[in-house]
Amino acid sequence: MNKYLSGAAVAALSFAFVSEAAATEWNVSVWGKRRAFTEHVEKLAELVSEKTNGEFTMNVSYGGLSKNRENLDGISIGAFEMAQFCAGYHADKNRVITVLELPFLGVENLEQEVAVSTAVYAHPAATEEMAQWNAKLLMTSPMPQYNLVGTGEPRDELADFEGMRVRATGGLGEAFKAVGGVPTSVTATEAYQAMEGGVVDTVAFAQHAHLSFGTINQADWWTANLNPGTVNCPVVVNIDAYEALSDAEREALDSSVPEAIDHYLTNYGLLLEKWDAVLEEKGVQKVEIDPAVISEFRAKAADPAKDAWIANMEAQGLPGQELYDLVVKTLADAKSGS
């Protein structure tokens, strides 16, 4: 048996160690379980691994790394490299992007939601605010307009919202508050228990979340067309981790974002197509709110919320009016196809 390795063997062994050391592995913090809301994260991980021949991988953890309200804090200290969070969970930490949660913005589909989110994420005010948390905005998690599920008799008149205990965060919570509702911002993972225990009468979610978190199983009815707004949930990366990537790894990550979003949109579209069948299967009544009721709701909630948000942001030295105008212009362009 040879006592010493040949020069070629040593070189091969050294290369193996270097290759192993050079591999990049990121931890990604999300919550709940794999669902339509996380499909772009899963697709991103798949694409990045493919483009780097497995040298850059992402471990997606569903609640194993952090609580959902603490993901941004985890990013700030480098506890993990990527995370998803929702603006309404800590509006004081991500004030700029809460413009996207204002009620009745008029977003009609997921593609428009991507357009307005991307525009706001690219604004210097958003970049600077996220940098305070060592976070870089990577991509949005576009969701359709939220609607309510509830128990008992359907709440299809504005007067029915008086005293209604509703799970609704951010701007949506403020909208329901404007018409007499009592919003609570329990997290998505707590919504089922809150509904089951009678802490809330109704829950405002997008369709995938009503399915994933089981609130549809508690429901007697669902509002098909209330469409008061949605929440904004970005995926962010730790700036130090992003800057530590090689040029090839960074290119693999950045170039995969549009592909991941396209996959998300296609996947969510399939969910929306079968939604009526889901309601029928679970015996949930589909409630169409009268347009006059929706107009009354909008009049009481939209402009006051928008004006208050702009004033609040401007008072804090943030360009509230400019950000709101950016959303309006981007949405108009998206609708006109320009």
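Because the structure is a prediction, the values reported are computed rather than measured. Residue numbers run consecutively from 1 along every chain, following the written order of its sequence. Local features in a predicted model are, by the rule used here, given only for residues with pLDDT of at least 70; side-chain atom pairs are given and counted only at 80 or more, and totals for whole chains, interfaces and linings are based on all residues. Only hydrogens and water are set aside; all other atoms, that is, all heavy atoms of the structure, feed into the side-chain values.

Undergrad: For this particular structure, what's the right way to read the sheet that holds strand S3 (residues 82–84)?
TA: Paired through their backbone hydrogen bonds, the strands of a sheet run either parallel or antiparallel. In this analysis, strands are considered paired if DSSP registers two or more bridges between them. Going along the chain from the N terminus, every DSSP run of H or I of four or more residues is numbered as a helix, and every run of E of two or more is numbered as a strand. Strand order in the open sheet made by the 5 strands is S2-S1-S3-S10-S4, with mixed pairing throughout. In this open sheet, the two edge strands, each paired with only one partner strand, are strand S2 (56–62) and strand S4 (135–139). Strand-to-strand, the axes of this sheet are offset by a mean angle of 25 degrees, without reference to chain direction. Interaxial angles span 0 to 180 degrees and are taken between N-to-C directions of axes, which are lines fitted to C-alpha atoms, for helices over the stretch in contact.

Undergrad: How should the state of the cysteines be read in this particular structure?
TA: Such a bond, covalent and formed between the sulfur atoms of two cysteines, is termed a disulfide. Two cysteine sulfurs form a disulfide in these notes if their separation is within 2.5 Å. Within this structure, the stated rule accounts for 1 disulfide. A disulfide bridge connects Cys86 with Cys233, and the sulfur atoms are separated by 2.0 Å. Taking the torsion about the sulfur-sulfur bond, which here is approximately 100 degrees, the covalent link between Cys86 and Cys233 counts as right-handed. With Cys86 in the loop between S3 and helix H4 (110–121) and Cys233 in the loop between strand S9 (221–223) and strand S10 (235–238), this pair connects stretches of sequence that are 147 residues apart. Note on Cys86: relative accessible area 8%, which makes it buried. For every residue, the accessible area (1.4 Å probe, protein chains only) is compared with the maximum for its type, and the residue is labelled buried under 20%, exposed over 50%, or partly exposed between those bounds.

Undergrad: Please explain the pattern of salt bridges as it appears in this structure.
TA: Side-chain pairs of opposite charge can arise where the charged atoms are in close proximity. Any Lys or Arg side-chain nitrogen found within 4 Å of a carboxyl oxygen on Asp or Glu counts as a salt bridge. The final tally for this structure, using the stated rule, is 13 salt bridges. The closest approach of N and O atoms between Lys43 and Glu46, which form a salt bridge, is 3.2 Å. Of this pair, Lys43 and Glu46 are both found in helix H2 (residues 39–51), 3 residues apart, which corresponds to roughly one turn of the helix. By relative accessible area, which is 39% here, Glu46 ends up partly exposed. Between Lys93 and Asp73 there is a salt bridge whose closest N-O contact spans 2.8 Å.

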